[in-house]
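Topology and contacts: notes
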Amino acid sequence: MTNTPSLGRIVVIGFGNMGRALVKGLLASRNCEVIVCDRYKTPEAEEFLASCAHRVQFLQLNEVQRDSIEIPLTSSDTLILCTKPQNLQDAVQFWKPVFCSAGGTPLVISILAGTPIDQIQRLFSGCVIARAMPNIAATVDCAATALCVSMNANEAEIQRAKSIFEAVGKAWVVPEELMNAVTGLSGSGPAYIYMVIEALSDGGVKMGMPRQLALDLASQTVLGAAKLVQETGLHPAVLRDQVTTPGGTTISAIHELERHGLRPMLISAVVTATKKSRLLARAAEKKINKQ
Ligand SMILES: NC(=O)c1ccc[n+]([C@@H]2O[C@H](COP(=O)([O-])OP(=O)(O)OC[C@H]3O[C@@H](n4cnc5c(N)ncnc54)[C@H](OP(=O)(O)O)[C@@H]3O)[C@@H](O)[C@H]2O)c1
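First, a word on what this report is: a plain description of the structure on this page. Worth saying up front: this structure is predicted, and the values here are computed from it rather than measured.

A few words on the overall build of the protein chain. Looking only at helices and strands, the protein chain has 12 helices and eight strands in total. Principal-axis analysis of the C-alpha atoms places the extent of the protein chain at approximately 70 × 40 × 35 Å. Relative to its full complement of 291 residues, the protein chain shows a buried share of 31%. Sequence separation of 24 or more characterises 65% of the internal contacts of the protein chain that already satisfy a separation of 6 or more.

Below, the structure is given as structure tokens:
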């Protein structure tokens, strides 16, 4: 992608599921140089790197330790933290001297669940921080990502952070206080929809359909309904009315869904997951403050 504006150097620390998904999207659609860092080269990482070897530099922790490499980043470069939250401190302690030894202040993006901007800012003082919550659909370039930024971010840095996540789906900039609700809706949301797809296909099987056909019909129905919401911009209730014939089959089914509380159930799911995310974030913060 040589005719898109360059995103500079992008360093990804933690080359697991999300790290690989992001790099795959970036290589496919962005003009940038990518360096990835992990403790080990897993078989998944090995396979990924083999498919794009010349475009990604892989740094393995023990090899860097042996050779004491330094790759100074500047403010036009980006460092993306993709480890699990419990590995953050160790990862920063090890990799920060490799990339920030010369006093450089790259844009630092964290995708760590429940980890507030000020915690990352304490680890990377002077840097602009973006905190993002993508979801697992990043692995198929269809992520819903919400991100928030530190007070010192300028418009170009916000756009750079957004552009990185738009390489794997759609992205929105939100105030940080909404991040727990984002976790409860789009972060955990794929799991709710898997349950919906499973249940719809069970309905099909109960009515005599082969399992695979039922799954194919259910998943394509969810995909198509979501696409109609996005492409028409119409409220879901309007779209629902458009397919509800008076006295027909759909209104009979809708009555059942209302009787069993589908909508309050989903609203409660988002509320409960949001509260849980808030609790987990507070517990993690307390633990860090004690260290
Ligand atoms: N998966 C999701 O749907 C999702 C959605 C939104 C946000 N997130 C966030 O994304 C982050 C990553 O999730 P994931 O599913 O990609 O996890 P993952 O597959 O476990 O990947 C994390 C990677 O970081 C590596 N790592 C650990 N310590 C390191 C160090 N010191 N230096 C370099 N690499 C190190 C891990 O290696 P080891 O295996 O050897 O520890 C692993 O390869 C998490 O913080 C999560 O909260 C995930």
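Note on soluble globular proteins: their nonpolar side chains tend to be buried together. In terms of nonpolar packing, the biggest core is built from 60 residues, with Val11, Val12, Ile13, Leu22, Ile80 and Ile109 touching the most fellow members. Other than its neighbours up to four places away in sequence, Ile80 contacts Ile10, Val11, Val12, Ile13, Leu22 and Ile109.

All right, on to the site of the ligand then. Lining the immediate environment of the ligand, one finds 28 residues, of which Gly14, Gly16, Met18, Ala91 and Ala113 sit closest. Contributions of two or more residues to the shell around the ligand are made by α1 (17-29), β2 (31-38) and α4 (88-100). In terms of residue class, the shell around the ligand is built from 16 nonpolar, eight polar and four charged.

Remark: helix α7 (residues 179-187) packs on helix α12 (residues 262-290), axes separated minimally by 7 Å, with the N-to-C direction vectors making an angle of 130 degrees. Between α7 and α12, the crossing angle belongs to the class labelled oblique. When you trace α7 past α12, the crossing you get is right-handed. From α7, Asn180, Ala181, Thr183, Gly184 and Leu185 reach across to α12, where they touch Val270, Ala273, Thr274, Ser277, Arg278 and Ala281. The class makeup of the residues in the contact of α7 with α12 is five nonpolar, five polar and one charged.

On to unusual backbone geometry. Not every positive phi belongs to a glycine, and Asp141 is a case in point at roughly 60 degrees. Secondary-structure assignment places Asp141 in the loop between β6 (129-133) and β7 (143-149). With 14 C-beta atoms counted inside 10 Å, the residue Asp141 sits in the partly exposed group.

How each quantity is defined
- Residues numbered from 1 in each chain as written.
- Predicted model: local features only at pLDDT ≥ 70, side-chain atom pairs only at ≥ 80, totals over all residues.
- Helix = DSSP H or I, 4+ residues; strand = E, 2+ residues; numbered from the N terminus.
- Buried ≥ 20, exposed ≤ 12 C-beta atoms within 10 Å, placed from the backbone.
- Contact = placed C-beta atoms within 7 Å.
- Core = buried A, V, L, I, M, F, W, Y, C linked by C-beta atoms within 7 Å.
- Near = placed C-beta within 6 Å.
- Nonpolar A, V, L, I, M, F, W, Y, C, P; charged D, E, K, R; others polar.
- Axes fitted to C-alpha atoms, helices over the stretch in contact; angles between N-to-C directions.
- Parallel < 35°, antiparallel > 145°, perpendicular 65-115°, else oblique.
- Left-handed = near helix turned anticlockwise from the far one by under 90°.

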